[in-house]
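Structure at a glance
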Amino acid sequence: MPELIPAPEPKREKFPKSRLLLLPAVLVIGFFLVLPLVIIITYSFLVPATFGGVVWQFSTEAYTQFLFERDIFDETLAFNAAYLQIFLRSVMLAVSATVVSLIIGFPTAYFIATRPDRQKNLLIFLITLPFWTNLLIRTFCVLLILRDDGLVNSIAIGLGLYSTPVTYLYNDFAMGAGLVYSYLPFMILPLYANLERMDRRVVEAAYDLYATPRRVFTEVILPHARPGIVAGSLLVFIPSLGTFLVPDMLGGGGKLLIGNLIQLQFGSSRNWPFGAALAVILLAAILVVLMLAARRSRVPDTAERR
Amino acid sequence: MTIELKSISKIFAGGSAHPVLDDINLTINDNEFFTLLGPSGCGKTTLLRLIAGFEHPTSGTIELFGERVEGTPPNARPVNTVFQHYALFPHQTVAQNVGFGLRMLRRPAPEIEPEIERMLRLVRLEGLAHRYPHQLSGGQQQRVALARALAARPRVLLLDEPLSALDSKLRDEMRVELKLLQRNTGITFIFVTHDQGEALSMSDRIAVLSEGRIQQVGTPDDIYERPRSRFVAQFVGETNVFEGKLIRLPGKQPEFKTSSGALLPLGDTPADDDNPALAFVRPEKLRLGNPDDLASDPQARLRGVVTNKLYLGTDTVYYVDLEGGETLRARIQNASAIDNRFDVGAAVRVRAEEGAFRTVGRST
Ligand SMILES: Nc1ncnc2c1ncn2[C@@H]1O[C@H](COP(=O)(O)OP(=O)(O)OP(=O)(O)O)[C@@H](O)[C@H]1O
Ligand SMILES: [Mg+2]
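My aim in this report is to walk through the structure given alongside it, one point at a time. (Residues numbered from 1 in each chain as written. Chains lettered and ligands numbered in written order. Predicted model: local features only at pLDDT ≥ 70, side-chain atom pairs only at ≥ 80, totals over all residues. Heavy atoms only, no water.)

On to the coordination of the magnesium ion (ligand 2). Residue and element names in this part refer to chain B. Protein coordination at the magnesium ion (ligand 2) comes from Thr45 (OG1) and Gln84 (OE1), with a distance range of 1.8 to 2.4 Å. Taken together, the residues span a long stretch of sequence, with Thr45 in helix α1 (residues 44-52) and Gln84 in the loop between β6 (79-82) and α2 (94-104) at a distance of 39 residues. With a relative accessible area of 28%, Thr45 lands in the partly exposed category. On the basis of relative accessible area, Gln84 is assigned to the partly exposed category, the value being 28%. (Donors = N, O, S within 2.8 Å, 3.2 Å for Na, K, Ca; no water. Helix = DSSP H or I, 4+ residues; strand = E, 2+ residues; numbered from the N terminus. Buried < 20%, exposed > 50% of the residue type's maximum accessible area, 1.4 Å probe, protein only.)

Structure follows, in structure tokens:
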């Protein structure tokens, strides 16, 4: 129907009083999220002071430093992939940890979601139990489990699988295991919340219409679980990418990850702008991942609303 | 024989100890429109779920096309279900929902497309092929569920109250549509409903269920005219019921003496009904007349007073208090202007055709 007479514009106050209700939220977001971000971004464009802190002078040196090395004598720039490698290694490790968490977490979440109510609550409680201890202590426990005379080696040798202890620690495997161990609940919880809401009758309908168990999974369960998979993956991926405890303790400190690198800049290296720049780069990378994730999970999201 | 259920019982683990289904024996024939009729909670859905393969009987056997199906999962049974709560796939469009079964059967896409269109035309949803289920009304969702189950060409279609969410006009149309569809496709329909009108108008045979037991199996005519228990007589159609006992005098037609002393004329009482405790009559089998006009009519011995009157247009329902104290409903068709003539307070005689009063035992 063509609109011949435009509807009269509702009169708007310049600043409706109801907007005031947003103020607390705006203040919280501003103070806790925007302000620190502004500080980090500002610092990343300053010049480092000799003993930590910054000199208030604009410079893009911190970002240049990420990719290039400046010759001390003639000030020419040479490409240096060392930091980029650390960055990529961190991404690879975080991706691996996320994938492994998903592979372990999905069946676990599905199992819990299909139990009777009382068992569900108990199992979910058990899943969240590790959060009651400090991350440092949990990571230390992984160390105890994986070290040469640790739990894994004792059991394997006890069972006669091998006779001399295998070194599990201080390599990528140990770091991956530590990340999975630390962040697995972040994968399970959103997946559980999602699968628990799934209508079992829809699964039955698929079975009824000749779907094999595998196709029930790919056609019905997976599309439903997608928002949960995305949420869980982000919750594992993001802290994994920024971790510095795990490489410190389980990686033996020999191989740096981006998290350690940042920590170093604010610690012994006393290069705050470079640390801030690294943090901004990391943040940008995470934002890109988040945006991709948001785009991918949009379709099922609208389909789910009732 | 399409389906044989032999002494099926079902007790849910964790449910009550009372069986949800109790010793069900049923044979459903090829190309039959078979209806399970019963009140809410009597076990209709459970019985369908057993046939579809989602539940397993606690005891008894199920045979589909002559083969026992204990180990056969739902996806390997040539049976599709129209679920009571639709259970549409929320992430798929209407068209994808309808084509789901054919995709699972790995039919080539050029074959699936026209089939989807055909099905959507059948349930009159052509324009909505690209909507998602959450964008449809309840009745539209129900029709998608029907199209989805039919598209996969099952040999048996289980329908769990498929018309319950439709408005009455669409429901009437879909009744005719479903019946035609069943006849044309030759698919065996097992139709669940608690609506007796639906059951009577569509079915070849009806099984009446109550509290997990089969009360009676028969044609709609059997069920309505010759119910074998009080439950069936009262659940299917309207009924006037009288308590009392049978009186057989040699050389006379048997009669039923109600507890208030009224004598009801009976037709031929079945031999197995030797000790009936209840008599009943359908309201539409009664006529009302002037007490004086019918004084000598042997079929019109009941006298009473009209106490209430519901004018329904096609019919008028009269509530008549009999002399003994029972209240009787008589439904008189308004075939001509004089039919609607008794007013509240009028004295009447009630006339019933021979055989209109029937009996059932008390225990059943
Ligand atoms: N999984 C279950 N566990 C325990 N009891 C159940 C279960 N499913 C059904 N019941 C019980 O079995 C009985 C029959 O249920 P069913 O769903 O078969 O009824 P229905 O005849 O289809 O009713 P309606 O017309 O309301 O759909 C009910 O008393 C119900 O509470
Ligand atoms: Mg039901």
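With that settled, consider a nonpolar patch on the surface. Residue and element names in this part refer to chain A. A contiguous nonpolar surface patch, about 860 Å² in accessible area, is contributed by Val28, Ile29, Phe31, Phe32, Leu33, Val34, Leu35, Val38 and Ile39. Its place among the elements puts Leu33 in helix α1 (residues 23-44). Residue classification places Leu33 among the exposed positions, given a relative accessible area of 56%. (Patch = residues over 30% accessible without salt bridge, like charges linked within 9 Å, V, L, I, M, F, W, Y side chains within 5 Å. Areas by Shrake-Rupley, 256 points an atom, 1.4 Å probe, with all protein chains shown as cover. Salt bridge = Lys/Arg side-chain N within 4 Å of Asp/Glu carboxyl O.)

Moving on, we get to unusual backbone geometry. Positive phi outside glycine occurs at Tyr170(A), with the angle close to 60°. Residue placement: Tyr170(A) occurs in the loop between α6 (151-158) and α7 (172-196). According to the relative accessible area criterion, Tyr170(A) is partly exposed, its value standing at 48%. If you check the backbone angles, Arg124(B) has positive phi at about 55° while not being a glycine. Inspection of the secondary structure puts Arg124(B) in the loop between α3 (109-122) and α4 (138-151). The partly exposed category is assigned to Arg124(B), whose relative accessible area is 38%.

What follows deals with the pairing of strand β11 (residues 240-247) of chain B. Residues and elements named next belong to chain B. Across 4 bridges, β11 lies against strand β14 (residues 278-281) in antiparallel orientation. The partner of Glu243 across the bridge, within β14, is Leu278. Here β11 runs beside strand β12 (residues 255-258); their pairing, made up of 4 bridges, is antiparallel. Along β12, the bridge assignment pairs Lys245 with Lys257. (Pairing = 2+ DSSP bridges.)

Residue and element names in this part refer to chain B. With antiparallel pairing, 4 strands are arranged side by side in an open sheet as β2-β1-β4-β5. Either end of the sheet is taken by a strand with one partner, and the two such strands are β2 (21-28) and β5 (67-68). In the sheet, strand β1 (residues 3-10) pairs with β2 via 5 bridges, with the strands oriented antiparallel. The residue of β2 that forms the bridge with Lys10 is Leu21. On top of the sheet, α1 reaches β1, β2 and β4 (59-64); it is set at about 120° to β1, its chief contact. (Contact = heavy atoms within 4.5 Å. Axes fitted to C-alpha atoms, helices over the stretch in contact; angles between N-to-C directions.)

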